[in-house]
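Breakdown of the fold
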Amino acid sequence: MEAYLEVPAEFAEVMFAQDLAGIPDSDRSAAEAGVTALEVVGLVANLATIVVSIDELRDTVERFVRWASRRQSGSAASTVVEVRVVAADGTETRVVVEGPRSIEKLVVHVGAASRLAA
């Protein structure tokens, strides 16, 4: 099973460059598949849709949080990041990520949103 995630284009480029995400098939539109949006609150960015395996969802979310932390702090140092998860049905959740438990909570919300979208 796959999850369709709408993420900042810069993060999508990183995932594509490392061959960790795919581009949605042209024969299945994002609207049809249901997309879960992952946004960093306060970051204005162009968005892109990526496809990841549900099995890789936790790793993808962790990478996203690390990417967002570096983006906000300018270094690899851990920083507090507020992430907004929006399911295809419009359900919105905000999670403040400041440690491993917060990442787990975010993974649960992204997973739930992905199931709503499917």
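Anything mentioned here points back to the structure above.
Residue indices follow the written sequence of each chain, beginning from 1 at its first position. It should be noted that, the model being predicted, local features are given only for residues of pLDDT at least 70 and side-chain atom pairs only at 80 or more, the latter also being counted only at that level, while totals for whole chains, interfaces and linings use all residues. Each side-chain value is derived from all of the structure's non-hydrogen atoms; neither hydrogens nor water enter the calculation.

1. Quick word on the pairing of strand β4 (residues 81-86)
Within a regular beta strand, the side chains point alternately toward one face of the sheet and then the other, so they alternate between its two faces. Rules: Two strands are counted as paired when DSSP detects at least two bridges linking them. Put simply, DSSP marks the helices as runs of H or I at least four residues long and the strands as runs of E at least two long, and each gets a number from the N terminus on.
Pairing geometry for strand β2 (residues 36-40) and β4, over 4 bridges, is antiparallel. For A37, the partnering residue across the bridge sits in β4 and is V86. Pairing of β4 with strand β5 (residues 92-97) involves 6 bridges; the strand directions are antiparallel. Looking at β5, one finds that V81 is bridged to V97. Counted between consecutive antiparallel strands, the loop separating β4 from β5 contains 5 residues, among which G90 sits at a positive phi close to 95°.

2. Side note on the nonpolar core
What counts is decided by this rule: Throughout, nonpolar core names a set of buried Ala, Val, Leu, Ile, Met, Phe, Trp, Tyr and Cys residues whose side chains join them through atoms within 4.5 Å. Exposure classes here rest on a 1.4 Å probe applied to the protein chains alone. A residue is buried below 20% of its type maximum, exposed above 50%, and partly exposed in between. Here, two residues are considered to be in contact whenever any of their heavy atoms come within 4.5 Å of each other.
In terms of nonpolar packing, the biggest core is built from 28 residues, with L5, L38, I50, V83, L106 and V110 touching the most fellow members. Of all the secondary structure elements, the ones that give two or more residues to this core are β1 (2-8), α1 (9-17), β2, β3 (47-53), α3 (57-73), β4, β5 and α4 (100-117). Here the element with the most residues in this core is α3; it accounts for 6 residues. Discounting chain neighbours no more than four positions away, the residues touching L38 are L5, E6, V7, P8, F64, V83, R84, V85 and V110.

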